[in-house]
Amino acid sequence: MRGKGWIWVSSILLLLAGVGLFVALEDRSGVQHFENLPWQIDVRGPDRTQVLGVVLGETTLSDIGSGEVRLPIPEVRLFVEPDGTRSVEAYYSNARIPPFEANLVLLLGLDASGLERIWNERTSERPTPSGARRYGVSDAALRELSQVPIVEMSYAPRARWEADLLRERFGDPSAQVRLDEDQTYWLYPDRALAIMVPTGRGRTLMHYVTMDRWNGLLERLEKAGSQRLGDTGEGDAS
């Protein structure tokens, strides 16, 4: 009986050890490994860049609704600037691309004729603080826009990203453009990325474009900085 008792105890110990090993392996396999993180930028050519699960210059709003990164239906808006410049944006509030939540703005790559078609399909109108006019668009326009490639992305995380964390994830910028006393853009031309870093209570904004649109983005930032700083020249990249 004593021998059988030892066999029984040994069997229990082996069983417990096996359960412990299984739990340990299960815990290890349960560790989440996230992809499509904001600092994972893959420049595929002058007109293609992948970031956050979107290939700028290729991915459409329709793709986002059915692909690897799925987001809710956006608010699509037509903007007309005071100088007459038109653009169409898709806005997502509190979009979740794991593990982060952010507000997301996608600029659609429409040519002049495409913008004219959308202009003719405009609906409601609202002013904006910047002086631009904002319009809704018809259902027919939305169907067309769902097939238009995304060419620029603005990503504003809900959590506050301090400068130290930005340097850790993205590295040191090659230059900076100061918009005003509270806002400075860090520039990463090798990735066509500009990060707006607030010094006050504002939120970080990451702006991604394709390489062939980088100079245009830089010109817009320098113009905005010059206007806000009163044409003092402080908006120049340095």
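Described below are features of the structure shown in this document.

Scoring rules and cut-offs
Residues numbered from 1 in each chain as written. Predicted model: local features only at pLDDT ≥ 70, side-chain atom pairs only at ≥ 80, totals over all residues. Heavy atoms only, no water. Pairing = 2+ DSSP bridges. Helix = DSSP H or I, 4+ residues; strand = E, 2+ residues; numbered from the N terminus. Buried < 20%, exposed > 50% of the residue type's maximum accessible area, 1.4 Å probe, protein only. Arc of directions from axis to C-beta. Contact = heavy atoms within 4.5 Å. Phe/Tyr/Trp six-rings, centres within 6.5 Å; stacked < 30°, edge-to-face > 60°. Lys NZ or Arg CZ within 6 Å of the ring centre and 35° of its normal. Axes fitted to C-alpha atoms, helices over the stretch in contact; angles between N-to-C directions.

A closer look at the pairing of strand β5 (residues 86-97)
Every other side chain in a regular strand lies on the same face of the sheet, so the side chains alternate between the two faces.
Alright, step 1. Pairing of strand β4 (residues 75-80) with β5 involves six bridges; the strand directions are antiparallel. Of the residues in β5, the one forming a bridge with E75 is Y91.
Alright, step 2. The hairpin formed by β4 and β5 contains five residues between the paired strands, and G84 there has a positive phi angle of roughly 95°.
Alright, step 3. One ladder, built from seven bridges, connects β5 with strand β6 (residues 100-108); its direction is antiparallel. Residue pairing in the sheet places A90 in a bridge with L106 of β6.

Concerning helix α3 (residues 112-119)
Alright, step 1. All buried positions along α3 are accounted for by G114, L115, I118 and W119. Buried residues of α3, viewed axially, fall in a sector of 140°; they line one side.
Alright, step 2. Looking at the buried side of α3, the elements it contacts are β4, β5, β7 (122-127), β8 (133-137) and α4 (139-145).

A look at the packing of aromatic side chains
Alright, step 1. Counted by the stated rule, this structure contains six aromatic pairs.
Alright, step 2. Measuring from ring centre to ring centre gives 5.4 Å for W119 and Y135, while their planes differ by 85°; the resulting arrangement is edge-to-face. Of this pair, W119 sits in helix α3 while Y135 sits in strand β8, and the two are 16 residues apart along the sequence.
Alright, step 3. The class of Y135 is buried, set by a relative accessible area of 9%.
Alright, step 4. In textbook terms, an aromatic cluster arises when at least three aromatic residues are bridged by ring pairs, as seen for W39, F100, W161, F170 and Y188.
Alright, step 5. Above the plane of the ring of W39 lies R169, whose end atom (NZ or CZ) is 4.5 Å from the centre.

Considering the sheet that holds strand β3 (residues 54-56)
In a beta sheet, neighbouring strands pair by backbone hydrogen bonds and run either parallel or antiparallel.
Alright, step 1. Spatially, three strands are ordered β1-β2-β3 in an open sheet, and the strand pairing comes out antiparallel. Looking at the sheet topology across the chains shown, the edges are occupied by β1 (42-45) and β3. Each strand of the sheet is rotated relative to its neighbour by a mean of 20°, with strand direction disregarded.

What about unusual backbone geometry?
Alright, step 1. Here the amide bond leading from P98 into P99 is cis, since omega sits at 5°, within 30 degrees of zero.
Alright, step 2. Among the structural elements, P99 can be located in the loop between β5 and β6.
Alright, step 3. At A192, a position not held by glycine, the phi torsion is positive, near 55°.
Alright, step 4. Note that A192 resides in the loop between β11 (183-188) and β12 (193-198).
Alright, step 5. Look at A192 and you get buried, because its relative accessible area is 0%.

Keep in mind these numbers describe shape, not what the thing actually does.
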